[in-house]
Amino acid sequence: MPRPKKREEAQEEPEVEVVERPAAGQAELDVEELEGIGKVTGQKLKERGYYTVRDLAFASVKEIADIIGNEERAVQIIEAARSMLGLSGFISALDVYRRRVNIKRISTGVRSLDELLNGGVETGAVTEVAGEFGAGKTQFCHQLAVMVQLPEDRGGLSAKAIYIDTENTFRPERITQMARARSLDPDQALKNIYYARAYSSDHQMILVEQARRIIKQDNVKLLMVDSIVAHFRAEFPGRENLAERQQKLNKHIADLLKVADAYDVAVVVTNQVMAQPDVFFGNPLRPAGGNVLAHGATYRLWLRKSKENIRIAKIFDSPYHPEREATFKITEDGLTD
Ligand code: GTP
Ligand code: MG
């Protein structure tokens, strides 16, 4: 019986292309620089917020097909953009490593919390902050909006923040207090925060799109949504609406992940926890949003109330973090050790 020629056959397989990531500059090229995109298509894309090769590389086929009215061409365009940026196939582990090394972190301003988060809130990732009413989720967001403005040697990224507020709980006075406590000019600190109130889940999703445009034009390194699920829960109540709600929420989170990934921005979302009626053992509290958020968020931080102004934080659902806890206080100056 002839032996199968496994080895030789394997050698005939085409080589897997391993590409180095090109310089960041190419990502910022105008969409019209991409082969196959003419003036008309270019204009159409730009009108809908796709200005650069980077925007196209991270877009979905459906998004682009909706704009240019041709699915096949949409696939080609996205492929061309991805291949220009070296995103289309495998990359070397060295590149993965370089990317990881380049990740920046925004300090929370609380040493114990930073330790819990391996240095702070990560850019390029979505961090979920869950907790019951009054746990400090909104205070945490206020503090980050100030911290991101600090220079790197003080834990910030010398950058601006975007705050999408769904519950009308943003307080500029709180920002001024926290800014003063960190020796920042309060007026300047306020100016460095783009603020929008979201009036519905649809509006909230549109605001993410607008945030993307701002991020492209300005030095923004932090995008927050406080709270991510409140509108979705109010608009799609009950089990009968669950599927639709989760589908929409899924899209919203995918949009946020894309912003984080494409622009190296830290995305932070808050989430209420609610009692699960069907849990009989263990902790009956679970964050709202179900599995959509569980898989969407890169890091999940759980805050809970302790005595008076003391709060306890914990990372949950993470394979990389030990089940450690950190304690902090909420004071006039903000979150402190
Ligand atoms: P929900 O949005 O209702 O789910 O709660 P949350 O987790 O967003 O709570 P939030 O961040 O609003 O925390 C509220 C708590 O922060 C209050 O109970 C206060 O204890 C504390 N807090 C807020 N502002 C101040 C302040 O100016 N000084 C002090 N010392 N504490 C404050
Ligand atoms: Mg809140």
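Preceding this paragraph is the structure being described.
Residues numbered from 1 in each chain as written. Chains lettered and ligands numbered in written order. Predicted model: local features only at pLDDT ≥ 70, side-chain atom pairs only at ≥ 80, totals over all residues. Heavy atoms only, no water.

**Focus on the overall build of the protein chain**
Then, in step 1: Secondary structure assignment for the protein chain yields 14 helices and 14 strands.
Then, in step 2: Considering the protein chain as a whole, with its 337 residues, one finds that 47% of them fall into the buried category.
Then, in step 3: The long-range fraction of contacts in the protein chain, counting pairs at least 24 apart against all pairs at least 6 apart in sequence, stands at 66%.
Then, in step 4: Taken as a whole, the protein chain presents about 17800 Å² of accessible surface, with 50% of it coming from carbon and sulfur. (Helix = DSSP H or I, 4+ residues; strand = E, 2+ residues; numbered from the N terminus. Buried < 20%, exposed > 50% of the residue type's maximum accessible area, 1.4 Å probe, protein only. Contact = heavy atoms within 4.5 Å. Areas by Shrake-Rupley, 256 points an atom, 1.4 Å probe, with all protein chains shown as cover.)

**Section: the nonpolar core**
Then, in step 1: Counting residues in each nonpolar core, the largest one holds 50 residues, and the members touching the most others are Leu56, Ile64, Leu223 and Ile228.
Then, in step 2: By residue number, the principal contributor to this core is helix H13 (residues 242–263), which donates seven residues.
Then, in step 3: No fewer than three residues from each of domain 1 (24–84) and domain 2 (104–336) sit in this core.
Then, in step 4: In this structure, Leu223 is in contact with Ile162, Ile164, Ala211, Leu256, Val259, Val265, Ala266, Val267 and Val268, ignoring residues within four places of it in sequence.
Then, in step 5: Counting residues in each nonpolar core, the second largest holds 38 residues, with Leu117, Ala159, Ala161 and Val268 among its members. (Core = buried A, V, L, I, M, F, W, Y, C linked by side-chain atoms within 4.5 Å. Domains from an automatic or database assignment.)

**Structural notes on a nonpolar patch on the surface**
Then, in step 1: Together, Leu94, Tyr97 and Val101 make up a nonpolar patch on the protein surface, roughly 320 Å² of accessible area in all.
Then, in step 2: Turning to its location among the elements, Leu94 is positioned in helix H6 (residues 93–102). (Patch = residues over 30% accessible without salt bridge, like charges linked within 9 Å, V, L, I, M, F, W, Y side chains within 5 Å. Salt bridge = Lys/Arg side-chain N within 4 Å of Asp/Glu carboxyl O.)

**So, the site of ligand 1**
Then, in step 1: The environment of ligand 1 is made up of 15 residues, and the closest members are Gly134, Gly136, Lys137, Thr138 and Gln139.
Then, in step 2: For ligand 1, an oxygen atom lies 3.0 Å from a polar atom in the backbone of Gly136.
Then, in step 3: Compared with its free state, where it exposes 670 Å², ligand 1 has 67% of that area covered by protein.
Then, in step 4: Elements with a minimum of two residues in the shell around ligand 1: helix H8 (137–147), helix H9 (172–181) and strand S13 (325–331). (Near = heavy atom within 4 Å. Polar contact = N/O pair within 3.5 Å; in protein donor to acceptor, adjacent residues only side chain to side chain.)

**Re the environment of Ala198**
Then, in step 1: The residue Ala198 is located in the loop between strand S7 (193–197) and helix H11 (201–217) in this model.
Then, in step 2: Judged by relative accessible area, Ala198 falls into the buried class, the value being 0%.
Then, in step 3: For the pair formed by Ala198 and Val225, sequence separation is 27 residues and the distance between their alpha carbons is 9.3 Å.
Then, in step 4: Apart from the residues within four sequence positions on either side, Ala198 is in contact with Ile164, Asp165, Thr166, His203, Gln204, Leu207 and His231.

**Quick notes on the packing of aromatic side chains**
Then, in step 1: Under the counting rule described, the total for this entry stands at four aromatic pairs.
Then, in step 2: Ring centres of Trp302 and Phe316 lie 5.2 Å apart, and the angle between their planes is 75 degrees; this geometry places the pair in the edge-to-face category. Here the residue Trp302 occupies a position in strand S11 (residues 299–305), and Phe316 occupies one in the loop between strand S12 (310–315) and S13, the gap between them amounting to 14 residues. Considered together, Trp302 and Phe316 belong to a single accessibility category, that of buried residues.
Then, in step 3: Three or more aromatic residues link up through ring pairs in this structure, and these residues are Tyr163, Phe170 and Tyr195.
Then, in step 4: Note that Arg212 overlies the ring of Tyr50, its terminal NZ or CZ placed 5.0 Å from the centroid. (Phe/Tyr/Trp six-rings, centres within 6.5 Å; stacked < 30°, edge-to-face > 60°. Lys NZ or Arg CZ within 6 Å of the ring centre and 35° of its normal.)

**Some thoughts on the packing of helix H2 (residues 39–47) against helix H4 (residues 61–68)**
Then, in step 1: One can describe the packing of H2 onto H4 by two numbers: an axis separation of 9 Å at closest approach and a directional angle of 120 degrees. By the angle class used here, H2 and H4 are oblique. In this structure, H2 meets H4 at a crossing whose hand is right-handed. Along its contact with H2, which presents Thr41, Lys44 and Leu45, the element H4 presents Ile64, Ile67 and Ile68.
Then, in step 2: Its residues assigned to classes, the contact of H2 with H4 shows four nonpolar, one polar and one charged. (Axes fitted to C-alpha atoms, helices over the stretch in contact; angles between N-to-C directions. Parallel < 35°, antiparallel > 145°, perpendicular 65-115°, else oblique. Left-handed = near helix turned anticlockwise from the far one by under 90°. Nonpolar A, V, L, I, M, F, W, Y, C, P; charged D, E, K, R; others polar.)

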